[in-house]
Amino acid sequence: TEIVPHATFADYPGAELLECELLPLKRAVYATAAAIGESYAAHKRAIGALDFHDLQARAAALLAENASVRDEYAERFRHILLDESQDTDELQFGLIQSLRTPRNTLFMVGDPKQAIYEFRGADPDVFHAAVAAMAEADRLQLPENFRSRREIISFVNDVGAPLLGDSFVAIDSRADYGGQWLA
């Protein structure tokens, strides 16, 4: 089976018709989601609660609006490690960036192949932009995989490039099970 990396839009009129038919449903879903969000926010206010996103937003606002607080915290970090950086969103990466100074170093560990999952609202574009802003000499590829069988790695390598384009790095299978199949 050949993987087609880009849509051809051969059936554009049919797709346009389907889109028009789905538009009322989409609007209803968005309106319902907005109402749920408003109800959730009202409930949090009523009980005096903050969720994880609220805490992040308040921390970002504190650092953005108070240079002395931002400077005090930024000076505490000589090195900043952002692990699973493919799972960050714009707010989270902004928090990290607000703590950056010329005297500290950011280490990002992330796998662009996992950025497709958009875990907890992660934005792959944030990860890709951060990597693109990094000097090529400051990037280190770690393509070795010590856990998965060669057959799995071969499959991922076969589909990875057509799906992910230039951001795909082929994986080098290093798993050694002594010729035994895993049960």
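In what follows, the structure referred to is the one given above.
Residues numbered from 1 in each chain as written. Predicted model: local features only at pLDDT ≥ 70, side-chain atom pairs only at ≥ 80, totals over all residues. Heavy atoms only, no water.

Asks: Help me understand the packing of aromatic side chains in this model?
Replies: We describe a pair of aromatic rings using the distance from one ring centre to the other and the angle between the two ring planes. If you walk through the whole model with that rule in mind, you get zero aromatic pairs. In this structure, Arg76 packs its charged tip against the face of Tyr73, placed 4.5 Å from the ring centre. (Phe/Tyr/Trp six-rings, centres within 6.5 Å; stacked < 30°, edge-to-face > 60°. Lys NZ or Arg CZ within 6 Å of the ring centre and 35° of its normal.)

Asks: Looking at this structure, how should I read the nonpolar core?
Replies: The nonpolar side chains of a soluble globular protein tend to be buried with one another. Among the nonpolar cores identified, the biggest contains 13 residues, and Ile80, Leu82, Phe93, Ile96, Leu106 and Met108 are the most heavily contacted of them. Of all the secondary structure elements, the ones that give two or more residues to this core are β1 (79-82), α4 (90-98), β2 (105-108) and α5 (124-133). Leaving out residues up to four positions away in the same chain, Leu82 has contacts with Thr88, Phe93, Ile96, Leu106, Phe107, Met108 and Val109. (Core = buried A, V, L, I, M, F, W, Y, C linked by side-chain atoms within 4.5 Å. Buried < 20%, exposed > 50% of the residue type's maximum accessible area, 1.4 Å probe, protein only. Helix = DSSP H or I, 4+ residues; strand = E, 2+ residues; numbered from the N terminus. Contact = heavy atoms within 4.5 Å.)

Asks: Whenever I open this one, the pairing of β1 confuses me. Can you help?
Replies: Every second residue of β1 is oriented toward a common face, the buried set being Ile80 and Leu82 and the non-buried set His79 and Leu81. Inspection of the sheet shows β1 paired to β2 by four bridges, in the parallel sense. Bridging across to β2, Ile80 finds its partner in Leu106. Note on the crossover from β1 through α4 to β2: the handedness is right-handed. (Pairing = 2+ DSSP bridges. Right-handed = clockwise from strand over helix to strand, strands pointing away.)

Functional significance is not addressed by these values, which are geometric in nature.
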